[in-house]
Structures are given as C-alpha cells and as structure tokens.
Amino acid sequence: MAGEVPRSSPFSRRALLRTTAVAGAGMGSGFSFQQDATAQPVRPRKGESMMGVPFEQHQKVRVGIVGLGNRGGSMLPLFLAVPDVEITALCDTNAEAVGKAAKVVTDAGRPEPAKHADFEELHRRDDVDFVYVATPWEWHTPMAVSAMRNGKHVGVECPIGVTVDELWELVDTSEKTRRHCIQLENCSYGRNEMRALRMAHEGLFGELLFGAGAYLHDLREMLFSKTYYAGQWRRAWHTKVNGDLYPTHGLGPVAAYMDINRGDRLVRITSMSTPAAGLAQYREQHLPPDDPAQRETYAKGDATISLIQTEKGRVIQLHHDVSNARPYSRLNQLQGTNGVFEDYPARIYLEPAQSNDEWGNWAEYEDYDHWLWKEVGPGPGGHGGMDYIMLWRLAQTMKLGLAPDIDVYDSATWSAPFALSAESVRRGSAPIDFPDFTRGGWTTPHPGVDSPKPA
C-alpha cells in the first residue's frame, strides 16, 4: 500500500493479478492500470441487447452471497426479511465470517446455507439464481463475469467496475450469457430520491436543466481502522487513483431524473481535484509515528468535482470527498424551469406554490412518494429503508418475470466516472468522452427505477 503513486491511468486497461483465493471480507490482490487513450467510445456488439429483457419467473429467489464483511454481513438480515428469498450459499475467505453468517440464517429458522471459500464453487451451484457481490472493488468485475458465465444473474456493490475495459466486459458478458448484471445502487431507492423522480416525471419541475449528486462522507476514522476495511483495502485506492472513487450514489438518482439511457445520454465529463491533505493530516494527528501508513503517498485529491454534459445539453455535477471533516451529504439537487429541489436538508422551491424567495416544505409533497415507499418501505431498514426496498423490488421483478429497474447499461454508465474522472484529472481537466454502452439504444424507452406498480 505504501510507495510511489503510479503514473498510469485507470481509463481503459485492466491488469488484475488474479490469485486462486476468493475475495471476501479481506482480499490480497495486485491491481495496476495501463493507459489506452485510443479506446473506442462504442465497441462492436457481441450479443443481443439486454435492454428491457425480463427475468425468467422464479417462485423462490435463491441467493448466494460473496463477501461477508461489513456490507455483506449487514445486508444478510435484509435478504432474509424479503418474502420468498432463500439464502442458499455463502462465500468468504474468512471462515469465521462464513460461520457467523450461516448462524444468522439458521437462527432465522431457515436451512443452513452451503459454505464456500471459493467464489467459483458458489457460482457453479445449481441452487443459486442470483449472486450478490460485496467484496473489495477490484474483484467486482471478475466475480460478476464469473457469475454470469455460470448462468447466474448478479448484483454488485458500488462501483460495479473500475476501468472502462471492465465495464465493457460486463456489458459484453451480460449480452452473451443473457444474464442480468445490476449495480445495486441503494440510493436510487431513497425516499427523497424516489419522490423527486416521480415529481420530475410528472413535469412539476418543468424542463430539466441541471442536477447534482455527491458522496460527501467523513470516512477518515474508518479508512485508518485496522478492522473496518479488512486489510485496509479501501484506503489503498487513495494511493493509486486521483478521481471520483464512488460516483454512483450521486449519479444514479440524477440519471434517473433525467432519463439517462432512456431518451438522453451522458456525452462528456471534465474533472478536477484539490490537493491531497486531509488523510495525511489525520494520520499525523491520530497514528503513531512508526505506523506503516505514515509512509504512504496519497494520489487522490481530497475533493474531486466533475461536470458531465448530456446529449440534450443538460449538466450534472458530481462531488466526491471522504477525507475531510464535514456532515454527510449526497447533494441530490435537481433544477428545472419551474423550480428546484435540494437535499441535506430537503427543501423545495416550485412556482407558483412558492414565492418571495422562500423555500417550501418538502413534507407537503409526500403524496408524490413512489408506490414502493407508500406500500413497502421502509421495512426493516437499511440506510433508512432504501436497502430493503431495493432488495424487495429486485425479488419482485424476479418472481414476476419483469425487467430489472437497473440494467447493465445503467450500471456501466453510473460507474464510468471512476475511470473517466481520473483520466480527465490526469490530462489537466480535459474533457473525456463517455462510452455509449447502449450502442445507440439510449433513445429507446424501457423500464427504469420509476417503475409502475405491477397489476
């Protein structure tokens, strides 16, 4: 983890040094980047489109979980709470974590799941319909690809891939195998996000012009914890990449507001980063002088801010900062010709309801809540209920044989700023073109997060 910052870029090429061990709560792996500035913005199709393709119907949804650290472990009880979902297999390199997770399942009165240390063994099982991946980021794409090649649908934590090549590999594999590959973006199912989405689609904001999303979260204590991110894998990324390392929480909801990949698309991004100061200051104040982290060099600027333009000329701002003292915020802003919504705190200004430059009361618009929040949420919780609603809706689409709300093209598009922002920063904030993962299909209306209630 210590050492000089590589001069290469995550823009295109993946060079993952795979080992025979599985990625779990703590995974040792080598990861490096190679630059390929000639990458094609659109690549030849290797299979049929997965846009709008329904799941096959499932009476029960059988889930295998790979990665039982903080995130995977916290999601396990929520999976168990969703009707008609069975946890049939668990996987992690940490045998103790697997044992504890299996006990959670049996304590809930369910059959004991199979226990694995090799993710490929889990993927080959015939009693798994859907694989949930919650491992260190460099393993997201290889694990998702393995799951699809073994006939499983797969959902992956954020980001779904960290290079453009990886994202294309996910799209190509989904199309070739006819398996869905989903960025499990819980923030797309937040109550405020879904209410704003309904209001945008009802035309209350008028013509949409601008949106903003962010991941602004003081993670300093967790990044330096010896146990929270096993092997301190997440802080390692700050030594390797200077860009937006976590774009999907902010971009996913705004992309839904603006019907990205459903009538509009992301065209180009330009990014810049501040100096890297916050993590170095924190370690000097809180770590002993002989701690190995004192020798690290941080490539990641504390704040990375990006501007994205869409085909229709709209603008989206992204902001990432996990290295400084501040309250949590995802910004979650939407501006149209009729008014604006801003979150953290939630407030709204819409003509003609508001006037005299005074914000309106967001709570007065609860009639626009999405049906999932009116009839399902918040359930047993998970980030205020968004986690449970996301899993409940996923299971519903699989049981009824509906298309997923978030498809592989959304997933690749929302994660692309990880690599693209780093490339823009590397090139002195030069504009970088977005790949069209839909290969021209972005004009086609198809199901999204603003899902109608099934009959």
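Since we're looking at a predicted model, the values are computed, not measured. (Residues numbered from 1 in each chain as written. Predicted model: local features only at pLDDT ≥ 70, side-chain atom pairs only at ≥ 80, totals over all residues. Heavy atoms only, no water.)

Here the focus is the environment of isoleucine 260. The residue isoleucine 260 is located in the loop between helix H9 (248-257) and strand E10 (266-273) in this model. Counting along the chain gives 209 residues from isoleucine 260 to methionine 51, while the straight-line C-alpha distance between them is 13 Å. The residues contacting isoleucine 260, other than those within four sequence positions of it, are Ala255, Arg265, Leu266, Thr310, Asp410 and Thr413. (Helix = DSSP H or I, 4+ residues; strand = E, 2+ residues; numbered from the N terminus. Contact = heavy atoms within 4.5 Å.)

We now examine the sheet that holds strand E6 (residues 130-133). Here we have six strands laid out as an open sheet, ordered E5-E4-E3-E6-E7-E8, and parallel in their pairing. Lying at the two open borders of the sheet, with one neighbouring strand each, are strand E5 (114-116) and strand E8 (181-183). Recorded for the sheet is a direction-independent mean angle of 25 degrees between the axes of neighbouring strands. (Pairing = 2+ DSSP bridges. Axes fitted to C-alpha atoms, helices over the stretch in contact; angles between N-to-C directions.)

This paragraph deals with unusual backbone geometry. Omega for the peptide link from glutamate 351 to proline 352 comes to 5 degrees, which places this bond in the cis form. By the secondary structure assignment, proline 352 is in the loop between strand E15 (347-350) and helix H11 (371-375). Along the chain, glycine 377 connects to proline 378 via a cis peptide bond; the corresponding omega equals -5 degrees. Within the fold, proline 378 resides in the loop between H11 and helix H12 (386-400). Although it is not a glycine, leucine 331 sits at a positive phi angle of roughly 60 degrees. Along the chain, leucine 331 falls in the loop between strand E12 (315-321) and strand E13 (333-336). The exposure class assigned to leucine 331 is buried, which follows from its relative accessible area of 15%. Phi at histidine 383 is positive, roughly 50 degrees, even though this residue is not glycine. Summarising the element assignment, histidine 383 is placed in the loop between H11 and H12. (Buried < 20%, exposed > 50% of the residue type's maximum accessible area, 1.4 Å probe, protein only.)

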